[in-house]
Amino acid sequence: MRPALTFRFIHTADLHLDSPLVSLALRDRDLAERLGVASRAALSAIVDLCLAEQVDALLIAGDLWDGSQASAKTPGMLKAELRRLDAAGIRCFIIRGNHDAISKVTRELDPPPNTVVFGARAKTHRFEAGGHEIAVHGLSFADPHAPQSLLPLYPVAVAGAFNIGMMHTSLNGAEGHDIYAPCSLAELDAFSYDYWALGHIHRRAEYHGRAAVVMAGIPQGRDIGEAGPASVTMGTLSDAGF
Ligand SMILES: [Mn+2]
């Protein structure tokens, strides 16, 4: 049952639809077939969860697509899943990361009315849900390379609203990995938003300061290095707070 007078959302990232698994296909055809559809199956499972939990919004914080080599099945499947959300009145907000930057994945998504795909210029979408004013701020990577912090490009918080920022970022970075839109937890926390919906790092992490800052982690592992449980994050805003 959906709790009354709440705003609820599910936050995910890094689905990497159609991540290539070529080497596996050579060894075990059955396993390769199951893994080949795993990223799409994960998206369907997340949409099922959104419907079952009757959330107000689904946030996808970058790298929804693995890259430009998307299978011919993916656009139709993605559209069908977004339509299932739309039919239930559930909003979907999507930003693009380094794998699916605007310059890289150019195939038109043609989203249903309740889906917002952010462009390279930061925008704010405002709506009301469960008696709460909500503002979702986001921007997409224009190119796969984002060596500078994107934080200065984000709009100021909307007064009186619950402010959510969506960002694809490597945070302070990790040894041996390229840096994408670097910024620190402290900078995000100080930015005056209430929730940061982050993507990029494939391991879930949450930080609670003034704001809740959450790295979603992957919902589905892509290779043997990403074994073990995976997850999405559900947030609830009630009159008692977040
Ligand atoms: Mn990424």
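Residues numbered from 1 in each chain as written. Predicted model: local features only at pLDDT ≥ 70, side-chain atom pairs only at ≥ 80, totals over all residues. Heavy atoms only, no water.

Attention now goes to the environment of Arg 8. Inspection of the secondary structure puts Arg 8 in strand β1 (residues 7-12). Of the residues examined, Arg 8 reaches a relative accessible area of 6% and is grouped as buried. For the pair formed by Arg 8 and Gly 235, sequence separation is 227 residues and the distance between their alpha carbons is 5.6 Å. (Helix = DSSP H or I, 4+ residues; strand = E, 2+ residues; numbered from the N terminus. Buried < 20%, exposed > 50% of the residue type's maximum accessible area, 1.4 Å probe, protein only.)

Moving on, we come to the side chain of His 132. One can find His 132 in strand β6 (residues 132-138). Taking the relative accessible area as the measure of exposure, His 132 reaches 10% and is therefore buried. Separated by 3.3 Å, the side chain of His 132 and the backbone oxygen of Leu 5 make a polar contact. The contact partners of His 132, leaving out residues within four places of it in the chain, are Leu 5, Thr 6, Phe 7, Phe 127, Leu 237, Ser 238 and Asp 239. (Polar contact = N/O pair within 3.5 Å; in protein donor to acceptor, adjacent residues only side chain to side chain. Contact = heavy atoms within 4.5 Å.)

Now for the nonpolar core. Of all hydrophobic cores here, the largest spans 23 residues; its most connected members are Phe 7, Phe 93, Ile 134, Ile 164 and Met 166. Mapped onto this core, the elements with two or more residues apiece are β1, β2 (57-61), β3 (91-95), β5 (123-129), β6, β7 (162-168), β8 (195-199) and β10 (212-215). Not counting the four nearest positions on each side in its chain, Ile 134 is found in contact with Phe 7, His 125, Arg 126, Phe 127, Ala 129, Ala 161, Phe 162, Ile 164 and Leu 237. Counting residues in each nonpolar core, the second largest holds 21 residues, with Ile 10, Leu 15, Leu 64 and Leu 78 among its members. (Core = buried A, V, L, I, M, F, W, Y, C linked by side-chain atoms within 4.5 Å.)

The strand order across the open sheet built from 6 strands is β5-β6-β7-β8-β10-β9, with neighbouring strands paired in mixed fashion. Two strands lie at the open edges of the sheet, namely β5 and β9 (205-208), each paired on one side alone. Going across the sheet, the axis of each strand differs from the next one's by a mean of 15°, ignoring polarity. Sheet topology note: the β9/β10 ladder contains 4 bridges and is antiparallel. Across the sheet, residue Glu 206 finds its bridge partner in β10, namely Val 214. (Pairing = 2+ DSSP bridges. Axes fitted to C-alpha atoms, helices over the stretch in contact; angles between N-to-C directions.)

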